[in-house]
Amino acid sequence: MSEPHPRRAAVTGIGVIAPNGPSTESFWKATQEGISVLDRVTREGCEHLPLRVAGEVRGFEASEAVEERHLVQTDRFTHFALAASDLALDDARLGQADTGDAPFSVGVVTAAGSGGGEFGQRELQQLWGKGSRYVGPYQSIAWFYAASTGQISIRRGFKGPCSVVAADEAGGLDALAHAARAARRGTDVIVAGATEAPLAPYSVVCQLGYRELSTAQDPAHAYRPFTAEACGFVPAEGGAMLVVEDERAARERGASVRATVAGHAATFTGASRWAESRQGLARAIGGALEEAGCAPGEIDVVFADALGVPEADRAEALAIADALGAHGGRVPVTAPKTGIGRGYCAASVLDAAAAVLAMEHGLIPPTPNVFDVCHDLDLVTGRARAAELRTALVLSRGLMGSNSALVLRRGAP
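Residues numbered from 1 in each chain as written. Predicted model: local features only at pLDDT ≥ 70, side-chain atom pairs only at ≥ 80, totals over all residues. Heavy atoms only, no water.

For clarity, the cut-off: UniProt positions are given in the numbering used here, feature names are shortened, and annotations may be inferred rather than shown by experiment.
Looking up the protein chain in an unreviewed UniProt entry gives the name Ketosynthase chain-length factor, with the organism given as Streptomyces xiangluensis. Turning to the protein chain, the UniProt annotation filed under Sequence similarities (unreviewed entry) states: "Belongs to the thiolase-like superfamily. Beta-ketoacyl-ACP synthases family."

Shown next, in the form of structure tokens:
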């Protein structure tokens, strides 16, 4: 009897709603050109707060992307998730798919760090300002970290394995890993990713407790990791959703395999212990390479976590060197998030989307606003770099201490 064919997790669809573009195409165009859209915070109620610079999603009309009955039940972070999942499913040629007799064949997994802060703040203001009669029934669910997973699955009728990663920034990569493992275990299709909307006043006040947050006023200097001027990160909203499915099933239905999720590993080293994150991140990289069956020299590009805190930047540069050996000083490294901000859980999923697009186009996007690198890294700055890219490594660390690494391999039509 022949051995069963091993299932591989393929990325067949990408949907992006980001500060530099409300679509995958506009996101990639701005990313490859190294355009920075960081600017002064304009969200109502934030004018008097110390946070001055962020990556805001502009030109996105939730009412044009989400039906009214779902719109009133959900927060801005879920609006992004619903819109991005539509884009990803369309890209995978599953946009109009009816699960029919197999609703359990499609699952959803998302990650969230901030939840529905804008919705929650509005309803609590109604409670304290007008009374309980003015609080809507959806206050009980719209703020919740699992809201996006639930609303995507309800709206689409997906009843396969559904979950949420309630974690810090590294949760975005962990969600993609959950999806890949579900595909390998037998689920046909998984919609996976992360979106965030952390720029409501209440959410911003909470973030001001992070010593790593940049309060610089000049957008061109507010987020400059791996430089002597590094002064923290600036937050961002938006995110990305990917369609992950069994590679063989995808090819049988004629879908393009854009990439495969080859390996992943995660570790924990404690909140704000950035020097210790060197060892934890290196261990995660090693675990991801081992699962992928990938030698360090096979990595063609690294999408860095790029926190923008000197101690953390140094630890990441050393972790890359520790895990990749001599190749660590030669492999191109990039951090396109410096042009849009660090969107918590969504940041690493946007990096994963950019990595897939970079492999497809043979182009490493630059790191906006960064020029004078002070670490031993081949950081791509200024303009995009043409390169033959077969394997990408995406890194993420969270403020609460999680470290995650994901290995992606280039797909084939």
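Digging into the sheet that holds strand β10 (residues 332-334)
To keep things clear, this is the line we draw: Only strands that DSSP links by at least two bridges are regarded as paired with each other. For helices the rule is a DSSP run of H or I covering at least 4 residues; for strands it is a run of E covering at least 2, with both sets numbered from the N terminus onward. Contact definition: two residues touch when any of their heavy atoms are within 4.5 Å. Under this scheme, a helix contributes an axis fitted over its contacting stretch, all axes are lines through C-alpha atoms, and angles between N-to-C directions fall in the 0 to 180 degree range.
With mixed pairing, the 11 strands of this open sheet are ordered in space as β5-β4-β6-β7-β1-β8-β15-β14-β9-β10-β12. Edge strands, defined here as strands with exactly one partner in the open sheet, are β5 (162-166) and β12 (378-379). As paired strands, strand β4 (residues 106-112) and strand β6 (residues 189-196) are joined by 6 bridges and run parallel to one another. Bridge pairing in β6 places V108 opposite V191. Contacts from helix α11 (residues 277-292) reach β8 (259-268), β14 (391-397) and β15 (402-410) within the one sheet, and its direction differs from that of β8 by about 145 degrees. Against the sheet, helix α12 (residues 310-324) makes contact with β9 (301-303) and β14, and its axis sits at roughly 140 degrees relative to β14, the strand it touches most.

Some thoughts on the packing of helix α4 (residues 76-91) against helix α7 (residues 147-156)
Under the convention used in this document: For classification purposes, an angle smaller than 35 degrees is called roughly parallel, one larger than 145 roughly antiparallel, one from 65 to 115 roughly perpendicular, and anything else oblique. Crossing chirality is assigned from the near helix's rotation relative to the far helix, an anticlockwise turn below a right angle marking it left-handed and a clockwise turn marking it right-handed. In the scheme used here, Gly and all other residues not listed as nonpolar or charged are polar, with Ala, Val, Leu, Ile, Met, Phe, Trp, Tyr, Cys and Pro taken as nonpolar and Asp, Glu, Lys and Arg as charged.
Contact pair α4 / α7: the axes reach a minimum separation of 9 Å and the direction vectors enclose 50 degrees. As summarised for this structure, α4 and α7 are arranged oblique, according to the angle between their axes. Of the two possible hands of crossing, α4 and α7 adopt the one that is right-handed. Across from F77, T78, A81, L82, S85, D86 and L89 in α4, the residues of α7 making contact are A147, S148, Q151, I152, R155 and R156. When the residues that make up the contact of α4 with α7 are grouped by side-chain class, the tally is 6 nonpolar, 4 polar and 3 charged.

As for empty space enclosed by the protein
As a reminder of what qualifies: Cavity means a closed set of points on a 1 Å grid over the protein atoms alone, one where a 1.4 Å probe fits but cannot get out, pocket means an open set with protein on both sides within 12 Å along at least 5 of 7 lines, and lining means a residue has an atom within 4 Å of a point. Grid points are joined across faces, edges and corners, and a volume is the space filled by probe spheres set on the points.
In the structure shown here, the tally under the stated rule is 2 cavities of 30 Å³ or more. Lining the largest cavity are 18 residues, with F27, T31, P336, K337 and I340 positioned closest to its centre. Only α1 (24-32) and α13 (345-361) provide two or more residues apiece to the lining of the largest cavity. It is α13 that contributes the most residues to the lining of the largest cavity, 4 residues altogether. When its residues are assigned to classes, the lining of the largest cavity shows 11 nonpolar, 5 polar and 2 charged.

Comments concerning a nonpolar patch on the surface
Defined as follows: Here a patch means residues that are over 30% exposed by relative accessible area and free of salt bridges, tied together within 9 Å if like-charged and within 5 Å if nonpolar (Val, Leu, Ile, Met, Phe, Trp, Tyr). Each accessible area is a Shrake-Rupley estimate made with a 1.4 Å probe; only the visible protein chains count as cover when residues are assessed. A carboxyl oxygen of Asp or Glu within 4 Å of a side-chain nitrogen of Lys or Arg is what we treat as a salt bridge.
Where nonpolar side chains cluster on the molecular surface, the patch consists of W143, F144, Y145 and V164 and spans about 330 Å² of accessible area. Position of V164 among the secondary structure elements: in strand β5.

A few points about the side chain of N403
The following threshold applies: Polar contacts here mean pairs of N or O atoms no more than 3.5 Å apart (in protein, one a potential hydrogen donor and the other a potential acceptor; neighbouring residues in sequence count only if both atoms are side-chain atoms).
You can see N403 is positioned in strand β15. Reaching out from N403, the side chain makes a polar contact with the side chain of T269 at a distance of 3.2 Å. With residues up to four places along the chain from it excluded, the contact list for N403 reads A170, A265, A266, T267, F268, T269, S277, G280, L281, A284, S396 and R397.

Some thoughts on the layout of surface pockets
Volume-wise, the largest pocket comes out at about 550 Å³. G113, S114, G115, Y145 and C206 are, among the 24 residues lining the largest pocket, the residues nearest its centre. When contributions to the lining of the largest pocket are tallied by element, the ones reaching two or more residues are α5 (117-129) and α9 (201-207). Per-class residue counts for the lining of the largest pocket are 12 nonpolar, 10 polar and 2 charged.

Describing the pairing of β14
Looking down a regular strand, the side chains alternate between one sheet face and the other. The criterion, for reference: Per-residue accessibility, obtained with a 1.4 Å probe over protein chains only, is compared with the maximum for each type, and a residue is labelled buried under 20%, exposed over 50%, and partly exposed between these values.
Of all 7 residues in β14, 7 are buried, a share of seventy percent or more. Residue alternation in β14 divides its side chains into two sets, T391, L393, L395 and R397 and A392, V394 and S396, and both sets are buried. Bridge count for β9 against β14 is 3 bridges, and the pairing is parallel. When the bridges of β14 are listed, F303 appears paired with V394. Linking β14 to β15, which pair antiparallel, is a turn of 4 residues; within it G401 sits at a positive phi near 115 degrees.

Examining the packing of α1 against α13
Axis separation between α1 and α13 bottoms out at 11 Å; the angle between their running directions is 75 degrees. Relative to α13, the element α1 is oriented roughly perpendicular. From α1, T24, F27 and W28 reach across to α13, where they touch L350, A354, L357, A358 and H361. Partitioning the contact of α1 with α13 into residue classes produces 6 nonpolar, 2 polar and no charged.

Here we look at the packing of aromatic side chains
Quick reminder of the rule: Two rings from Phe, Tyr or Trp (for Trp, the six-membered ring) form a pair when their centres are within 6.5 Å of each other. A pair whose planes differ by under 30 degrees is stacked, one over 60 is edge-to-face, and the rest are tilted.
Counted according to the given criterion, the structure contains 5 aromatic pairs. Measuring from centroid to centroid gives 5.4 Å for W143 and F144, while their planes differ by 65 degrees, and the two rings are edge-to-face. The class of W143 is partly exposed, set by a relative accessible area of 37%. For F144, a relative accessible area of 41% gives the class partly exposed. Here F233 and Y344 contribute two aromatic rings whose centre-to-centre distance is 5.8 Å and whose plane-to-plane angle is 90 degrees, an arrangement assigned as edge-to-face. Here Y344 lies in the loop between β10 and α13 and F233 lies in the loop between α9 and β7 (238-246), a separation of 111 residues in the sequence. Using a relative accessible area of 0% as the deciding quantity, one classes F233 as buried.

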